[in-house]
Every structure is written in structure tokens, then in C-alpha cells.
Amino acid sequence: MVEGSGGTTQEGTLLEEAGLTLRKEDRSQIISPEERQDLENRLQILLARIPPEKDSPLESLPRKAFEYAMQAHSGQWRVSGEPYITHPLTVAEIVTDLVPDRETLAACLLHDVLEDTSVNADMLRTEFGEEVAFLVEGVTNVSRIRFGMPHEKQVENLRRLLVATAKDLRVILIKLCDRLHNMRTLEALPTIKQRRIAQSTLDIFAPLAHRLGLERIKNELEDLCLYYLHPSIYRDIKHKVDERLAARLDYGRKVQNIVADVLATNGIDAEVEWRVKHFYSIFSKMQRDNKDFSEIYDLTGIRILVGTVEQCYASLGMLHGVWPPVEGRFKDYISKPKPNDYRSLHTTVLGPEGRLLEVQIRTHQMHRVCEEGVAAHWRYKERGRSSRKLGDDAVWLSQMSGLLQETRDQDEWSYSIKTDLFTDEAYCYSPKGDIIRLPAGSCPIDFAYHIHTELGDRCQGARVNGRYVPLSYQLKTGDVVEIETSKSAHPSPDWLGLVKSSRARHKIRNYLIEANREQLIEQGRLMLGRELHRLGVNPPTFFSSDACMEIMESLEIQHLDDLFALIGFGRIATKQVVMRIMKSRAREKKVEKRPIGETLKATDIDDMLYRLARCCQPVPGESIVGLVTRGRGISIHREDCTNIIKFQGDRARLIPIRWEENGQAGSQVEITVHANDRQQLLADITSVISSHAVDIRGSNTVSTDDSKAILTFTILIRDIKQLRRLATSLMDIRGVTNVSQKRGSRTIRLT
């Protein structure tokens, strides 16, 4: 998210809301009357799409949320130059296509106020109620996930995402639409940030959209990711698709007419659509099958929408009667739906002119689910008021979040994310004919634990399709699996190397811990004791202290022996306990107890209580000041930052701070070098950077059509003086025309 000010603060009145002073600015100096009217028109269109509720004015909650968000984001602008309020309004427009209700609309409009303004969760509860506040908090927790942040924090935030989503699916729906709009406007950011955001979108958010059945959102996210991660490939595919588009459309109309006539003649009222594969799907097929674009024959196809399931199968038979089907290319996702509830018949036929033709056949209701996923199955549960809950179509999410709440090991949690959310699945059958869905590559042990914990614990062998197989056998779709048990059988540590499902791994580890509990307790006690001695802490004294109890609570552990056993087994690392001890010590330096006006060193502040403001990104050596926020610690700004002007004179909120003299920690900054392109340019620039004893943490180079070069570097500098000296040296390189630094939404020329 982007912090920044679009202009100077205007003189105005102060509004007291929930104990927080918000400045009501003269918005005519910030947002023009034309822009304000455009926002108002968009809001009215949005409100008209929300079904009215009895005895409740239509506009009350969303209107209030819009005005509140306008006030909170006043003075903030997107990097693209638009008022920041346009972002939550656009997200609301996207989400309302999926979940048209007032609470969701209000949460969309407010979804960034906790992260980017001084508003806190208690204020939201007071103004908008528990439901809206819960949604905004959930989305905020997801937004705080920073890929590249310390692993423990990243895992914890992802855990919160799934737990919150399991309680109310709208959390992830809002976040996905938020990410979609950010991806649509990504061109305003530097190339290195575009690539980082696009990669995290491709790794996490696009697969989540697919798992939830939100195909329209998934497809657009993937195409945008391809555009920023592989721009030349994207342009090449787009050019080749567009080049043949007119011919394909003519062919498509011909096929549509033939299919529509055949179905109508046989009494089936059908809607026949022509479809083109999205670009990322084409790219994936080229990569997966090692094919050139010219070898992809199913770039286009038709979709047949009918009224009933019976008509789906009848249409399939009629189609195969007109054109011969291609062997091995038929898939029945109606009788065997995908995990995200996708239902459709897929077939490939040899169509007119001898060309391969992909065909999808489904009902109108199935198509809605294909496009909107679980949002199409939205259910209500009456408990005094309407509240959201998951339907059967997303039971996997609820089950997984429950399992993850029991999982403390970070590596196991990350493994669960990859296997249970983002991998293909195998569909197997029990002897009774029940369908069991498992991650691809699962073995009979996974199957056994999916049925029942005791069946897994007593598993000694398996028969697949009537034949005995080893426990390492990888199950395939269509396999009929029968588990054989024995009272003397029990899980082995070797099983952890065989299973793929997080449920099986979790159950096996639980068994092994309990079976070896006494030994693990003693081992864990010795391991933690050694680390405590290194810190100068007496183990027995610590084990009986309040500090130990607080650490156990943070790890969600009730008994000391459980902590020792988990350490002994390796599910909790001793460094997790040690880090919490060190943070507890640091917090003893209470900033609140310092006299107002006393100047602090930046290193005097607990690293859990402060953050460098993103709007001005202060660098060691620059004059800084600390702003005490509510619930988010101290935000450190440059003294001349426009975002703290309104707090001047508020000695309770502003704290004088100075950098540590001769500090060695350094600061990570992003610089951009503009130059005339030539050979050895990159080598000359990196050589100069190295000569100034500056570490390069990341880089990206772009050559333009007019023989210009734009080189972006993420570097670690000691202070502002070192940065300025480096910039001066870079300007001495032949061909370099400008050196600048990115500061939030602003770009500062360094020379």
C-alpha cells in the first residue's frame, strides 16, 4: 500500500471520533469537484446493486463507510496519481459481483484503513459493528504478509488468513479482489517491485483463486503475472493470438451455428459460446509439454450451456455423432467434480476442416459455479442475524484451518500449504465406492489416515485394484484402495518420508511424540537448558518464571513437559524460545516511561515497537522524528515528511529521535540509474557500487527501444552521506544521465 500526501493540510474543523482526532480537510483542494462527482456516481451505481433489506435504509452502512474511508484516506494518493479512495471503491465494485451485501461492501470500502491510516479496530467496531470490523481485520492480516519477511511471521500471517477465511469466506474474496486491482495498476511501480508482487501473486493468490473456483479472477491474475514476469513472452503470445483472431472468429461462428442447429433439431435449448484460452494457459501448456506456439492446437473451443445434467450427456452424444471424438481426451467432471466444485464435461473432437476442437458442456448453474466458485454457493445461517458460513463446497478449507491451528512447526505448515492447497489431486475409491481425494503422489498411508486415525496407526499393508502393493506405492486416479491392519503395527519415522498429505504427517508425528514422550521430554529439557546457559539464564529459575509461562502461551502450549517434548522431537526450535526471551528483555526498556521531549536513539526502541515510515523512508543520517501510533508502535519519519505536519506541537504524539552514532546496521534503499545504453555499462556501475563498500541486495535492468537503459538496484547503505557519495560517483560513469531514489510515492534525484 502507498502512503503519501497529495498536498498541504488545509485549515479546517476537527472531528472527535472514538477518542481519535481526525482532521476534516477542505477536500476541494485535494479532490476536484469533478473527481468527487465521479466517485459519487460510481457509489450510487454500486449501491443500486445491493438488495434492499427490510426496515433498514439501503445507503446507511455503505454510505457511512464511504464517507469514513474518504476522511481516513484524505491526503493519500496512489503512485499512479489517483486519490487513494479510488482503490477501495474499485475493490468494492469487483467484490460486489460475487457477494452483493451491505456488510461486504462496507468492509471493502474500509479494507485499508487499519493498515494505512490512524484508525484502529476498536473504532471500526464502534462505528460499523463486529461483522464489518472482523472482515477488515482479516483482510489487514493478509495484507501484512510480506514475502521475504522472517519465516515465522510470514507463516503466522498465512495461518491467520486461513483461520479467518474458514470463519468467513469474504475475507479472502475481498483480498483477492484487492490484489486484482493492485495487479491491474502495477505499471506505476518500479520494475523490481512489479516482479516481486507478480511472483507472490502467482505463487499464492492465483492458486487460491483457482482452489476457490474463481476462474475469472484466477485467469486475469495469471495473465497479468505473465505480463510482468515474462513481458517478451506475453507480447509474443498476444501478437500471435491477435494475428489469427479474425480467422478464428469466422471459424468459431461456423462451428457455433452447426452445434446450435444440431441441438435445436433434437429439442435441446442451448447457449453456444466461442472461447479463447487465456495467455497464461497457453504459456503453461508450452512450458509443460515443451511445445512451440505453432504446436498448440486447442487455442480456441466452444462452450455449450444447457438446462439439466441429462441434457449435458445428451448433447455430448449428439456432438460425437457429428464429429469423431479424439481418444483419451474425454473428462467427466460432472460425476467426479474437481475439489473446487468445478463441474463440466470436456471432450476434444475432430471438427470442421479437420481441426481439433475443444468442447465444454455444462448447465447454466454449473457455469456460474465455474466462474464464481464458492461465492456462487453462498449460504446464510440464522442466529439472531444473518452470518456467513462455509458450505460443503469449501469443507476442505475449514478442515485445513483446523489442522493448521494444531500445527506449530513452520516447515510442516509451509508443506501443508503447498500440498493441500496448490497441488493436483488423485481421486481414489474405498472398497464401498466412496471417492477419496488426496494430494498427487499420496501413498496408501495417506489414504488410511484420511479415513480414520486408528486405521492409519494400525496400517501394515494395502491392496490396490485387488493386488498387494508396497506402502510407498503412489496412488493414481481411479485406484480402489483397501487397507490391511494389525494390532501390532504402528507408525514408523520412515513414514514421514512417504506421505504427502498434511493430515497424515500431523497424525504420524503426534503418535511418535506420544510413544517416545519421556525420552523426548528429557532430550528437550537438556537442549533448551544448554541455550539458556549461553544466555546467562538459570534454567530451573526460568522454567518456574512468569516469563516462561508467557512464552508458552505465545506458542499455544499449556504444560512445560509438552514444550520439552516438542523441542526434543524438533517441532519447536530452541531459537524460537530464545528469541522470545530476548524480545521480552528488550521490551523492559519501555518507551512510554521516557520523559516527553527526551531524545532517543533509534536503537533504544524495541524492534517490535517501531517501523520506518514507508511514505518518506528515512535513511540513517537524516533528521528524524517518531510518531506514536495507536496499536502499531512508533512510526519513524523524516522531520520534513508531509504526513506529520498536522502533529506538530503534539508533544504526546511526537518523540525526538536520533540515529545511533557509528551504527553498523545499515539501511536498505532502492536507487534507479538512467543512462545511454552501451556495452559494459552494468559492469561499470556494479564496480563503482562495490568500490564504495555497498552491498547489492537485488537488481533489475531494462533496455528501451531508443537505446536507453534503466537500472534499478536495492542496496544496503550505512547512512545518507554514503548514499550521496555513491550517487556522485555513479554520475561520473560514461553515459549515466540521472541517479534517483524511490521514497514511498516520490522519486528524489540524488545528484
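Presented here is an overview of the structure given in this document. Note that the structure is a prediction, hence the values are computed from the model and not measured. (Residues numbered from 1 in each chain as written. Predicted model: local features only at pLDDT ≥ 70, side-chain atom pairs only at ≥ 80, totals over all residues. Heavy atoms only, no water.)

Remarks on the environment of Gln460
- As for its position among the elements, Gln460 is in strand S12 (residues 459-464).
- For the pair Gln460 and Glu484, spaced 24 residues apart in sequence, the C-alpha to C-alpha distance is 5.9 Å.
- If we skip the residues at most four places from it in the chain, Gln460 touches Leu471, Glu484, Thr485, Ser486 and Ala489. (Helix = DSSP H or I, 4+ residues; strand = E, 2+ residues; numbered from the N terminus. Contact = heavy atoms within 4.5 Å.)

Describing the nonpolar core
- If you look at the biggest cluster of nonpolar residues, it comprises 77 residues, and the most contacted ones within it are Leu110, Leu124 and Met183.
- Ignoring anything within four residues of it in the chain, the contact list for Leu110 reads Ala65, Tyr68, Ala69, Leu124, Phe128, Val132 and Val136.
- Of all hydrophobic cores here, the second largest spans 24 residues; its members include Ile671, Val694, Phe713 and Ile733. (Core = buried A, V, L, I, M, F, W, Y, C linked by side-chain atoms within 4.5 Å. Buried < 20%, exposed > 50% of the residue type's maximum accessible area, 1.4 Å probe, protein only.)

Focus: the pattern of salt bridges
- Summed over the entire model, instances satisfying the criterion amount to 29 salt bridges.
- For Glu127, the salt bridge goes to Lys64, with nearest N and O atoms at 3.1 Å. With Glu127 in helix H6 (residues 121-128) and Lys64 in helix H2 (residues 60-72), this residue pair connects regions lying 63 residues apart in the sequence.
- Here Glu127 falls in the partly exposed class, since its relative accessible area comes to 22%.
- By relative accessible area, which is 35% here, Lys64 ends up partly exposed.
- The closest approach of N and O atoms between Glu137 and Arg125, which form a salt bridge, is 2.6 Å. In this pair, Glu137 is assigned in helix H7 (residues 130-143) and Arg125 in helix H6, connecting sequence segments 12 residues apart. (Salt bridge = Lys/Arg side-chain N within 4 Å of Asp/Glu carboxyl O.)

Thoughts on the packing of aromatic side chains
- Within the structure shown, the criterion is met by nine aromatic pairs.
- An angle of 85 degrees between the planes, with centres 5.1 Å apart, marks the rings of Tyr227 and Tyr234 as edge-to-face.
- The exposure class of Tyr227 is partly exposed, given its relative accessible area of 38%.
- Taking the centre distance of 5.4 Å and the plane angle of 80 degrees together, the rings of Tyr234 and Phe279 count as edge-to-face. Taken as a pair, Tyr234 in helix H12 (residues 231-243) and Phe279 in helix H14 (residues 279-289) lie far apart in primary sequence, 45 residues in all.
- Assessed through its relative accessible area of 14%, Phe279 is described here as buried.
- Linked through ring pairs, Tyr227, Tyr228, Tyr234 and Phe279 together constitute an aromatic cluster.
- Here Lys64 stacks its cationic end above the ring of Phe128, 5.3 Å away from the centre of that ring.
- It is Arg355 that lies over the ring of Tyr251; its NZ or CZ is 3.9 Å from the centre. (Phe/Tyr/Trp six-rings, centres within 6.5 Å; stacked < 30°, edge-to-face > 60°. Lys NZ or Arg CZ within 6 Å of the ring centre and 35° of its normal.)

Some remarks on the sheet that holds strand S14 (residues 481-485)
- Taken together, three strands build an open sheet; the order of strands is S13-S12-S14 and the sheet is antiparallel. Lying at the two open borders of the sheet, with one neighbouring strand each, are strand S13 (467-469) and S14. Across this sheet, the average inter-strand angle for adjacent strands is 35 degrees, counted without regard to direction.
- In this sheet, S13 lies alongside S12 in antiparallel orientation, the contact comprising three bridges. Along S13, the bridge assignment pairs Val464 with Arg467.
- Here helix H19 (residues 444-451) sits on the sheet in contact with S12, S13 and S14, set at roughly 80 degrees to S14. (Pairing = 2+ DSSP bridges. Axes fitted to C-alpha atoms, helices over the stretch in contact; angles between N-to-C directions.)

Quick word on the environment of Leu726
- Along the chain, Leu726 falls in helix H28 (residues 720-731).
- Each C-alpha atom, one on Leu726 and one on Ile689, is 6.8 Å from the other, the two residues being 37 residues apart in sequence.

Things to note about a nonpolar patch on the surface
- Residues Leu245, Leu249 and Val276 make up a contiguous nonpolar surface patch of roughly 200 Å² in combined accessible area.
- Locating Leu249 in the fold gives a position in helix H13 (residues 245-265).
- For Leu249, a relative accessible area of 35% puts it in the partly exposed group. (Patch = residues over 30% accessible without salt bridge, like charges linked within 9 Å, V, L, I, M, F, W, Y side chains within 5 Å. Areas by Shrake-Rupley, 256 points an atom, 1.4 Å probe, with all protein chains shown as cover.)

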